[in-house]
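Observations on the three-dimensional arrangement
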Amino acid sequence: MKKKIKIYDLIYFLGVFLLQIRFFDIYSKLIAINQSISKLFLLVGMLCIIIKILSIKEKISTYFCKIFIILIGFITYMKANNTSFLIFILVILGAKDIDKKVIVKYLFITNLLYIIINVFTYLMQMIFNPTKLYLIYTIKDEKLVQRFTFNFIHSNTFAAFVFWVYMMYVYLYERKNNEYINIGITIIVAIFIYFTTYSYTTSLMLIIFVILYYFYGKSKMFYAKFSKFILENFTTIVFFIMLCTIIFYNFSLVQIIDNLLTNRIRLARFAYEYYGIGILGTNILPIYHPVVIGNYILGSFEFLDGGYYNLILRSGIIATVIFLYYIKKGMKRLFENKETKKIIFLIICAIFAISETTAFDPLIAFPLIFIFDVEKGGEKS
């Protein structure tokens, strides 16, 4: 049974919309918002969602627990100068008693419009002013290959947005009786992403999705004891593996993995050596990577990437424990309700977060809002 939209729900959506404007500003070359206005959107957006959170009728102890977690989010934001954990906490807490499909539809529409606007303006520029086109280049088979950005800050970012919007489409509108058509469409999307952005990670994620969603999720093995244990604890297991890659970076196996992850582990290791791991977050600046060519020292500033690395190194130990606790609790409840679809989407988040920071941001990675499907036998996919 669908829940009715209440006034506090509308306040929640207003708050999410204001946070999204900042979110789009960060990831787009097309949008540029004044810093003061951006902070105003953040403040008002957060206040709207906090009002929604406090409007939910619960025990006094639950209220204090939520206020405490929100305070941890604020402290983490102040120390790390990063809103990731704070926005995660606010968005998922505020979504607790709202029909999840309504939220996903909202995110689908807004993010799809954002992509369309960026792609349209990029194509117009490609036709009428190609010399000003924002491109990224990479080496492939010893040749310089151009990667289209579609006005996003990076080709991988555009690929990630297309990926998540397509996942929303599958969740909301897939043809249940035409699985082979669905698989074919997914492969076409993977091919499009690869040949326009050369984002092999995102293309591979779509193949992994096909395997999990259309094959493994429908097998009897899915709810077997061992499988259930691994999937319930999957995010925590992957987190500790990723943490080990930082600590034991000099091991040859880790070096091989780092090459596959295009030096993401190396950047995380630099941050770990320089800043360590904080209790309540750390403000990690872009990392300068020197490159020696002949007698010249060249270099560039590189940014810490990957959901797990950002979580532990930027947000700190307490935020990480809270994050993993809520994921674990949500997965346990979803298994109790046998909500296979939502479980698989959350697993996709956990896998994609190995390489992409956006996989732990509920403003685009919609499966995170399923964490608070907490009622026994509650909302079904």
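Residues numbered from 1 in each chain as written. Predicted model: local features only at pLDDT ≥ 70, side-chain atom pairs only at ≥ 80, totals over all residues. Heavy atoms only, no water.

**Notes on the overall build of the chain**
- Secondary structure assignment for the chain yields 14 helices and four strands.
- Taking 2.2 N^0.38 as the reference for a compact globule, 381 residues should give roughly 21 Å; the C-alpha atoms of the chain span a radius of gyration of 21 Å, in line with that estimate.
- Dimensions of the chain along its principal axes, counting C-alpha atoms only, are 65 × 50 × 45 Å.
- Sorting the 381 residues of the chain into buried and exposed places 52% on the buried side. (Helix = DSSP H or I, 4+ residues; strand = E, 2+ residues; numbered from the N terminus. Rg over C-alpha atoms; globule rule 2.2 N^0.38 Å. Buried < 20%, exposed > 50% of the residue type's maximum accessible area, 1.4 Å probe, protein only.)

**Some thoughts on the packing of aromatic side chains**
- For the coordinates displayed, the defined rule picks out 46 aromatic pairs.
- Taking the centre distance of 5.0 Å and the plane angle of 80 degrees together, the rings of F163 and W164 count as edge-to-face.
- Aromatic pair Y166 and Y169: ring centres 6.0 Å apart, planes at 25 degrees, arrangement stacked. Of this pair, Y166 and Y169 both sit in helix α6 (residues 155-173), separated by three residues, roughly a single helical turn.
- For Y169, a relative accessible area of 30% translates into the label partly exposed.
- Joined through ring pairs, the aromatic side chains of F23, F24, Y27, Y114, Y122, F148, F150, F152, F158 and F161 make up one cluster.
- It is K101 that lies over the ring of Y171; its NZ or CZ is 5.7 Å from the centre.
- The aromatic ring of F370 is capped on one face by K342, whose charged end is 5.1 Å from the ring centroid. (Phe/Tyr/Trp six-rings, centres within 6.5 Å; stacked < 30°, edge-to-face > 60°. Lys NZ or Arg CZ within 6 Å of the ring centre and 35° of its normal.)

**So, the packing of helix α11 (residues 252-260) against helix α12 (residues 264-275)**
- Look at α11 against α12: their axes get within 7 Å of each other, and the N-to-C directions meet at 115 degrees. Between α11 and α12, the residues in contact are V254, I257 and D258 and R264, I265 and R266, respectively.
- Its residues placed into classes, the contact of α11 with α12 shows three nonpolar, no polar and three charged. (Axes fitted to C-alpha atoms, helices over the stretch in contact; angles between N-to-C directions. Contact = heavy atoms within 4.5 Å. Nonpolar A, V, L, I, M, F, W, Y, C, P; charged D, E, K, R; others polar.)

**Quick notes on the pattern of salt bridges**
- Tallying each qualifying case throughout the model produces 13 salt bridges.
- One salt bridge in this structure joins E232 and K328, with 3.3 Å as the shortest N-O distance. Taken together, the residues E232 in helix α9 (residues 225-232) and K328 in helix α13 (residues 307-336) connect sequence positions 96 residues apart.
- A salt bridge links E336 to K332; the nearest nitrogen and oxygen atoms lie 3.0 Å apart. With E336 and K332 both in helix α13 and four residues apart, this pair spans about one turn of that helix.
- Salt bridges sharing common partners tie together K6, K52 and D97. (Salt bridge = Lys/Arg side-chain N within 4 Å of Asp/Glu carboxyl O.)

**A closer look at the packing of α13 against helix α14 (residues 340-352)**
- Contact geometry for α13 and α14: axes closest at 12 Å, N-to-C directions at 165 degrees. Put simply, α13 runs roughly antiparallel to α14. Judged by the sense of rotation from one axis to the other, the crossing of α13 with α14 is left-handed. Seen from α13, the contacting residues are Y308, M331, L334 and F335; seen from α14, they are K342, I343, L346, I347 and A350.
- For the contact of α13 with α14, a count of residues per class yields eight nonpolar, no polar and one charged. (Parallel < 35°, antiparallel > 145°, perpendicular 65-115°, else oblique. Left-handed = near helix turned anticlockwise from the far one by under 90°.)

**Notes on helix α5 (residues 100-128)**
- The terminal C-alpha atoms of α5 lie 42 Å apart, and with 29 residues this matches the ideal 42 Å at 1.5 Å per residue to within 8%.
- Measuring from the backbone nitrogen of K101 back to the side-chain oxygen at the start of α5 gives 3.0 Å, which picks out D99 as the cap. (Expected span 1.5 Å × (residues − 1). Polar contact = N/O pair within 3.5 Å; in protein donor to acceptor, adjacent residues only side chain to side chain.)

**A word on the side chain of K66**
- Note that K66 resides in helix α3 (residues 60-80).
- Setting aside residues up to four positions removed in sequence, K66 forms contacts with I53, I56, E58, L93 and K96.

**Quick look at the side chain of R269**
- The residue R269 is located in helix α12 in this model.
- Here I247 takes part through its backbone oxygen, which lies 3.0 Å from a polar atom of the side chain of R269.
- Contacts of R269, omitting those with residues within four sequence positions, involve I246, I247, Y249 and N250.

**Points about a nonpolar patch on the surface**
- Residues L30, I109, L112, L113, I116 and I117 make up a contiguous nonpolar surface patch of about 510 Å² in total accessible area.
- By the secondary structure assignment, I109 is in helix α5.
- Exposure remark for I109: the relative accessible area of 48% places this residue in the partly exposed category. (Patch = residues over 30% accessible without salt bridge, like charges linked within 9 Å, V, L, I, M, F, W, Y side chains within 5 Å. Areas by Shrake-Rupley, 256 points an atom, 1.4 Å probe, with all protein chains shown as cover.)

**Thoughts on the environment of A271**
- Counting through the fold element by element, A271 comes out in helix α12.
- Residue class for A271 comes out buried when judged on its relative accessible area of 1%.
- Along the primary structure A271 and I284 are separated by 13 residues, whereas in three dimensions their C-alpha atoms are 7.1 Å apart.

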